[in-house]
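Here is what each chain is made of, one letter per residue.
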Amino acid sequence: MYKHYITEEAFEKLFVYLNGKQGIYCKNREKTRQFLEAVYFIMRTGAQWLELSPLYGNYKTVHKRFLAWAKKGIWNDILSYCSKDYDGESFMMDGSIVRAHACASGYQKNQQEEQALGRSKGGFTTKIHALVDALGNPLRFILTPGQASEVKQAPELIKGITNANILGDKAFDCDELLNQIISQNCIPVIPPRSNRKVQRDVDYYLYKEPHLIECFFSKIKHFRRVFSRFDKMATAYMGFLAFASSIIWLR
């Protein structure tokens, strides 16, 4: 019998959602749990797929199914389902770099950026751009090469958000972004850069909250498959990232 890593309560919520979702087959409760436990094991340990115990099934079958779900966006849909009761008083955004293993390399020249792989001071890396709610729970992600600017991804991260506080560090101090935040009827809580000619007023008491997104990155990087990128395809890495975030919501 394989080991259960996902609690019964958490799996029940996942199974209820997956059982009613179109485009995938999840009618068999035991096989669905076996598959999710297998993905969790790989995600938590960072092991290669061929090291998966036969108790979880054939590793090639599990890997193929995981990739199919990633390409269909199922893992992102699970995250959206788990995060539907988010706290929308405030939203925080930030970025974090993860090192890419040699296993993730091998693309032809000029094709690595398409898979969110690049070169930064940290070496061969991918950058995770994240948006969390007022309690530090994950909502959205964008993957880019490690050298990419955080502020350029912010407009997409906060798209559709209204009547809330938007928190970020000085890297997000950009007139275009600030105007977008205000146009969405939100309040920017972003400290001004020191070289601004006219300094803006900021609620520095509220600005204490962004430590929550750093706490989230700390939690997510306990999963070895997220802490270090082994996947060539960005969709596969995003699948692990979304599933790990869903597990955090279900704790």
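These numbers were taken from a predicted model, which means no experiment stands behind them.

K.L.:
For this particular structure, what's the right way to read the packing of aromatic side chains?
P.N.:
Describing an aromatic ring pair means giving the distance of the ring centres and the angle of the ring planes. In this structure the tally under the stated criterion is 18 aromatic pairs. Plain terms: the ring middles of Tyr204 and Tyr207 are 6.4 Å apart, the flat faces sit at 85 degrees to each other, and that makes the pair edge-to-face. One aromatic cluster is present, formed by Phe35, Trp49, Phe66, Trp69, Trp75, Phe240 and Phe243 through successive ring pairs. The aromatic ring of Phe15 is capped on one face by Arg29, whose charged end is 5.5 Å from the ring centroid. The aromatic ring of Phe223 is capped on one face by Arg44, whose charged end is 5.1 Å from the ring centroid.

K.L.:
Explain helix α4 (residues 74-82) here, please?
P.N.:
An α-helix turns once per 3.6 residues; consequently, residues spaced three or four apart project the same way. Considered for burial, the residues of α4 that qualify are Ile74, Trp75, Ile78, Leu79 and Cys82. Seen from one end, α4 has its buried residues packed into an arc of 150 degrees, which puts them on one side.

K.L.:
When you look at the nonpolar core in this model, what are you seeing that I'm missing?
P.N.:
Within soluble globular proteins, side chains that are nonpolar generally end up buried alongside one another. Counting residues in hydrophobic clusters, the biggest one holds 81 residues, and the most contacted among them are Leu36, Trp69, Trp75, Met93 and Phe243. The element best represented in this core is helix α9 (residues 234-250), accounting for 13 residues. When near neighbours in sequence (up to four residues on either side) are disregarded, Met93 contacts Ala130, Leu131, Ala154, Leu157, Ile158, Ile166, Leu167, Gly168, Phe172, Leu177, Ile190 and Ile213.

K.L.:
How should helix α3 (residues 59-72) be read in this particular structure?
P.N.:
Its 14 residues give α3 an end-to-end C-alpha distance of 20 Å, which sits within 8% of 20 Å, the value for a rise of 1.5 Å per residue. Looking only at α3, the buried set comprises Val62, Phe66, Leu67, Trp69 and Ala70. One face of α3 carries all of its buried residues, which in axial projection span an arc of 160 degrees. In α3, the exposed residues that point more than 90 degrees away from the buried face are Lys60, Thr61, Lys64, Lys71 and Lys72. In this fold, the buried residues of α3 make contact with α1 (8-19), α2 (29-45), α4 and α9. Looking at where α3 begins, the residue whose side-chain oxygen comes 2.8 Å from the main-chain nitrogen of Lys60 is Asn58. Looking one or two residues beyond α3, the residue adopting positive phi is Gly73, at roughly 80 degrees.

K.L.:
Could you clarify how one ought to interpret the pattern of salt bridges in this entry?
P.N.:
Pairs can form between side chains of opposite charge whenever their charged atoms are close. One pass over the full model with this rule turns up 10 salt bridges. Put simply, Arg33 and Glu8 hold a salt bridge, and the shortest N to O gap is 2.6 Å. Taken together, the residues Arg33 in helix α2 and Glu8 in helix α1 connect sequence positions 25 residues apart. Residue Arg33 is classed as buried on the basis of its relative accessible area of 5%. The closest approach of N and O atoms between Asp77 and Lys21, which form a salt bridge, is 3.1 Å. Linking Asp77 in helix α4 with Lys21 in the loop between α1 and α2, this pair joins segments that are 56 residues apart in sequence. Residues joined in a network through salt bridges with shared partners are Glu8, Glu12, Arg29, Arg33 and Glu37.

Procedures and definitions
Residues numbered from 1 in each chain as written. Predicted model: local features only at pLDDT ≥ 70, side-chain atom pairs only at ≥ 80, totals over all residues. Heavy atoms only, no water. Phe/Tyr/Trp six-rings, centres within 6.5 Å; stacked < 30°, edge-to-face > 60°. Lys NZ or Arg CZ within 6 Å of the ring centre and 35° of its normal. Buried < 20%, exposed > 50% of the residue type's maximum accessible area, 1.4 Å probe, protein only. Helix = DSSP H or I, 4+ residues; strand = E, 2+ residues; numbered from the N terminus. Arc of directions from axis to C-beta. Core = buried A, V, L, I, M, F, W, Y, C linked by side-chain atoms within 4.5 Å. Contact = heavy atoms within 4.5 Å. Expected span 1.5 Å × (residues − 1). Polar contact = N/O pair within 3.5 Å; in protein donor to acceptor, adjacent residues only side chain to side chain. Salt bridge = Lys/Arg side-chain N within 4 Å of Asp/Glu carboxyl O.

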